[in-house]
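# A structural walkthrough
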Amino acid sequence: MASQRNNILLVTVWLGFCMEASAQTTTRASPQPTSQTIAHKTGFVLVPKGKFLLGKAGNRMNPLHTVRTDSFRIAIYETTNKEFAAFVAATSYITDAERMHNAMVFLPGLPEFRWIQDRTAYWRWPNGVTRGGIQNKMDHPVTCISYRDIQKYCAWARVRLPTLDEWEIACRAGSKTDYFFGSDYSHIGEYANIWHRHDHLKKDLSDGYMYTSPVGSFKPNQWGLYDIYGNVFEFCTGKTSKTESPTSAHARGGSWWCSMNTCQSFNSYSIGQVNVHASFSNQGFRVVK
Ligand SMILES: [Ca+2]
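The following refers to the structure shown.

### Some words on the overall build of the protein chain
Within the protein chain one finds six helices and eleven strands. A burial count over the protein chain gives 47% of its 289 residues as buried. In the protein chain, the share of contacts with a sequence separation of at least 24, taken over all contacts with a separation of at least 6, comes to 72%.

### Looking at the nonpolar core
If you look at the biggest cluster of nonpolar residues, it comprises 67 residues, and the most contacted ones within it are Cys144, Ile150, Leu161, Ala170, Leu225 and Phe235. The leading source of residues in this core is helix H5 (residues 164-172), at five residues. Every residue in contact with isoleucine 150, bar those within four places of it in the chain, is listed here: Ile145, Leu161, Phe235 and Phe285.

### Observations concerning helix H4 (residues 147-157)
Looking only at H4, the buried set comprises Tyr147, Asp149, Ile150, Tyr153 and Cys154. The buried side chains of H4 occupy one side of the element, clustering within an arc of 145° when seen end-on. One or two steps after H4, the chain reaches arginine 158, where phi turns positive at roughly 60°.

### Digging into the sheet that holds strand E11 (residues 283-284)
Read from one edge of the open sheet, four strands run E10-E9-E8-E11, paired in mixed fashion. The sheet terminates laterally at strand E10 (272-275) and E11, the two strands that pair on one side only. Across two bridges, the pairing between strand E8 (residues 233-236) and E11 is parallel. When the sheet's bridge partners are listed, glutamate 234 is paired in E11 with glycine 284.

### Quick word on the pairing of E10
Burial along E10 is two-sided: Gly272 and Val274 facing one way and Gln273 and Asn275 facing the other are all buried. Strand direction decides the pairing type here: strand E9 (residues 248-252) and E10, joined by four bridges, are antiparallel. Within E10, the position partnered with serine 248 by the bridge is asparagine 275.

### Considerations on the environment of glutamine 273
Among the structural elements, glutamine 273 can be located in strand E10. The sequence separation of glutamine 273 and threonine 240 amounts to 33 residues, and the corresponding C-alpha distance is 9.7 Å.

### Considerations on unusual backbone geometry
Only a minority of non-glycine residues have a phi that is not negative, and only a minority of peptide bonds are not trans. For aspartate 227, which is not glycine, the phi dihedral falls at a positive 60°. For aspartate 227, the position within the fold is in the loop between helix H6 (188-191) and E8. Despite not being glycine, asparagine 231 has its phi angle at roughly 65°, a positive value. With respect to the helices, strands and loops of the structure, asparagine 231 is situated in the loop between H6 and E8. For asparagine 231, a count of 32 C-beta atoms within 10 Å translates into the label buried.

### Considerations on the packing of helix H2 (residues 81-91) against H4
Two numbers describe how H2 lies on H4: the axes approach to 10 Å, and their chain directions differ by 80°. Classified by the angle their axes make, H2 and H4 are roughly perpendicular. Facing Phe84, Phe87, Ala90 and Thr91 of H2, the residues of H4 in contact are Tyr153, Trp156 and Ala157. When its residues are assigned to classes, the contact of H2 with H4 shows six nonpolar, one polar and no charged.

### Let's talk about the environment of proline 220
Mapping proline 220 onto the fold places it in the loop between H6 and E8. Sequence spacing of proline 220 and phenylalanine 181 is 39 residues, and the spatial spacing of their C-alpha atoms is 9.8 Å. Setting aside chain neighbours within four positions, we find proline 220 in contact with Leu225 and Tyr226.

Cut-offs used in this document
Residues numbered from 1 in each chain as written. Predicted model: local features only at pLDDT ≥ 70, side-chain atom pairs only at ≥ 80, totals over all residues. Helix = DSSP H or I, 4+ residues; strand = E, 2+ residues; numbered from the N terminus. Buried ≥ 20, exposed ≤ 12 C-beta atoms within 10 Å, placed from the backbone. Contact = placed C-beta atoms within 7 Å. Core = buried A, V, L, I, M, F, W, Y, C linked by C-beta atoms within 7 Å. Arc of directions from axis to C-beta. Pairing = 2+ DSSP bridges. Axes fitted to C-alpha atoms, helices over the stretch in contact; angles between N-to-C directions. Parallel < 35°, antiparallel > 145°, perpendicular 65-115°, else oblique. Nonpolar A, V, L, I, M, F, W, Y, C, P; charged D, E, K, R; others polar.

Structural data, given as structure tokens:
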């Protein structure tokens with residue numbers, strides 16, 4: 001019970017950060033690589049080294065800041081159930097949710113910001129065993145995996161998570177606005193699987209998917225990256241302050257659960273926060289190499 005309370009607190013804190021981050025309104029400028037330098041190779045986009053202005057004026061977790069980065073390649077798609085299944089088949093890895101029975105899931109009808117702990121949920125049953133598995137969802141992003149689980153996957157696959165800055169550089173694709181497609185929120189449904197209803201009391205199937213969608217189901221950003229917003233929150237490495245807890249991890253881009261009235265994190269600057277051992281059915285990842 002204490003664990004459940006802690007997880008509820010975690011999601012509340014995490015989503016609270018999302019709300020705070022997304023409440024800011026100023027835009028920034030950032031230089032962008034030319035389109036000729038962006039090459040698509042075997043599922044990755046090459047981002048050349050450069051100097052970028054990221055963040056948002058007034059945002060506590062992600063203020064305006066300039067970074068210089070080396071080139072990196074970032075996956076076009078979020079990591080899928082099929083890819084994670086290959087990792088588990090090769091290593092017999094047992095995830096945090098399987099060991100700790102602490103996965104948090106969502107059901108329509110819950111008040112805003114409330115999720116429930118389901119001891120049966122883990123990546124093969126991301127919403128609990130009574131709500132179906134991933135048999136027909138192998139091309140969906142893997143969920144119910146923790147930040148610690150992802151470190152093990154990345155070591156096996158010889159990839160890594162993007163840093164907070166790398167993720168934002170790739171997300172923005174040279175854009176200077178709150179969204180890579182501009183400042184008009186009304187276009188979000190073209191690019192992202194999100195929650196379109198005012199609240200979460202009833203199902204929302206208005207874009208075809210209440211939970212996750214197959215990766216690449218919506219339009220990509222300017223650099224050809226799909227599901228940068230929505231579908232699942234994407235874990236990144238790095239901290240937002242020197243005093244941050246070592247048990248804190250960050251994820252970006254919002255998820256299928258996020259609506260304009262709740263977390264709002266389907267944008268280029270918001271940074272979410274969650275415990276490194278927590279598992280949610282709206283959290284996943286995208287890799288870099
Ligand atoms: Ca949706």
